[in-house]
Amino acid sequence: MIRLAGVRVEAGERTVLHHLDLEIDPASSPMTALIGPNGSGKSTLLRLLDGLVLANTGRITVDGLDPERELKALRRRVGFVFTDPDAQLVMPTAVEDVALSLRRTEVPRRHHDVRARELLAAAGLGALADRSVREASSGQRQLLALTSVLATGPRVLLCDEPTTLLDLRTARRVGDVLRDPPAPVAQVVVATHDLDLAGRADRVLWIEDGRVRGDGGPAEVVAAYRRAAG
Ligand SMILES: Nc1ncnc2c1ncn2[C@@H]1O[C@H](COP(=O)(O)OP(=O)(O)O)[C@@H](O)[C@H]1O
Ligand SMILES: [Mg+2]
C-alpha cells in the first residue's frame, strides 16, 4: 500500500507537487500508471516513493515505511527502474549485473551465477549472459535493467518511462513483465508517455501541474487525457 497525505514538494520558488492525497492499493490496482505532460511531476512523485526526493510537508508511507525515516528498510522493499538503463547497469556482463543484485537477497552466494542465468533466460536474455552489456541493444539493456532490479526481490516496483527508448515489440515485453511481475512484487507504479502501456494498468493517474487531474480506469482516463491534448 502506498499512502500520501497532504504531500507538497517545492523546488526553489516553484511548487512541483501541490497537497497530494493519494492511496494506491495493490489489491485493487497491482499496476498503476502515471501519465501527464512533461514537467507535470510524475518523476518527482515516483522519486518520493523511493526517498530520492523528500516532501516539504505531508506524510508518505510505502508498505508501511516512511521514506524519510526508514530509508534503508524502504530500499530493500522498493525497486526503481530508470529511463536510461545505462544509469544503473554497473557490471561488465549481464550475468554479473544480475548476480550483483542477488547479493541483496537471501539467495546463498554459491547459487548466484546459476540463479542469474535462470533469470536472464526467463527474460529472454539467455544468449546475452556472458556478453558485454555494452554490446547489447538499447531494448536488451532496458530488459536487463528491469531483470536486475527484479532480482533484488522488491515488493514495490517503480519505473520511470521504461519503454521510452524501445521498439514496439520490446516495449510490449516490458509491459508484459509490469503487468505480471514475478514474486514478491505486489505493486507496480509506472510513469509513462506510452498510452498503450498506460492502457494495460488497473488504474491511471493523470498528473498535471503537480496535481491529480484524472484518476480511474485506463479507458476513461487515457481518453480524457487524449481529448485534453486536442
Ligand atoms: N531537483 C530539481 N530542482 C528544480 N526543479 C526540479 C527538480 N526536479 C524537478 N524539478 C521541476 O519539477 C517539475 C516536475 O518535474 P518532473 O517530476 O521531472 O516531471 P515529469 O516527470 O512529469 O516530466 C519540472 O518543472 C521540473 O523542472
Ligand atoms: Mg519524468
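Basis of the calculations
- Residues numbered from 1 in each chain as written.
- Chains lettered and ligands numbered in written order.
- Predicted model: local features only at pLDDT ≥ 70, side-chain atom pairs only at ≥ 80, totals over all residues.
- Heavy atoms only, no water.
- Pairing = 2+ DSSP bridges.
- Helix = DSSP H or I, 4+ residues; strand = E, 2+ residues; numbered from the N terminus.
- Axes fitted to C-alpha atoms, helices over the stretch in contact; angles between N-to-C directions.
- Contact = heavy atoms within 4.5 Å.
- Parallel < 35°, antiparallel > 145°, perpendicular 65-115°, else oblique.
- Left-handed = near helix turned anticlockwise from the far one by under 90°.
- Nonpolar A, V, L, I, M, F, W, Y, C, P; charged D, E, K, R; others polar.
- Near = heavy atom within 4 Å.
- Polar contact = N/O pair within 3.5 Å; in protein donor to acceptor, adjacent residues only side chain to side chain.
- Areas by Shrake-Rupley, 256 points an atom, 1.4 Å probe, with all protein chains shown as cover.

1. Remarks on the sheet that holds strand β2 (residues 14-24)
Read across the sheet, three strands follow the order β2-β1-β4 without closing on themselves; strand pairing throughout is antiparallel. Looking at the sheet topology across the chains shown, the edges are occupied by β2 and β4 (57-62). Each strand of the sheet is rotated relative to its neighbour by a mean of 25°, with strand direction disregarded. Of the pairings in the sheet, the one linking strand β1 (residues 2-11) to β4 comprises five bridges and is antiparallel in character. Residue Ala-5 lies in a different strand from β4, and its bridge partner there is Arg-59. Its contacts with the sheet place helix α1 (residues 42-49) against β1, β2 and β4, and it is angled at close to 120° to β1.

2. What about the packing of helix α3 (residues 94-102) against helix α4 (residues 112-122)?
Two elements in contact, α3 and α4, have axes separated by 8 Å at closest approach and are oriented at 115°. The orientation of α3 relative to α4 falls into the category roughly perpendicular. Seen from above, α3 lies across α4 with right-handed handedness. Along its contact with α3, which presents Ala-94, Val-95, Val-98, Ala-99 and Leu-102, the element α4 presents His-112, Asp-113, Arg-115, Ala-116, Arg-117, Leu-119 and Leu-120. Residue classes in the contact of α3 with α4 are distributed as eight nonpolar, one polar and three charged.

3. Quick look at the site of ligand 1
In the neighbourhood of ligand 1, the contacting residues comprise Ala-11, Arg-14, Val-16, Pro-37, Asn-38, Gly-39, Ser-40, Gly-41, Lys-42, Ser-43 and Thr-44. Contact between ligand 1 and Ser-40: an oxygen atom at 3.1 Å from a main-chain N or O atom of the residue. With the chains in place, 55% of the 560 Å² that ligand 1 exposes on its own is no longer accessible. Secondary-structure elements contributing two or more residues to the shell around ligand 1 are β2 and α1. Broken down by element, the residue count for the shell around ligand 1 peaks at three residues, all from α1.

Geometric descriptors of this kind do not, in isolation, establish any biological role.
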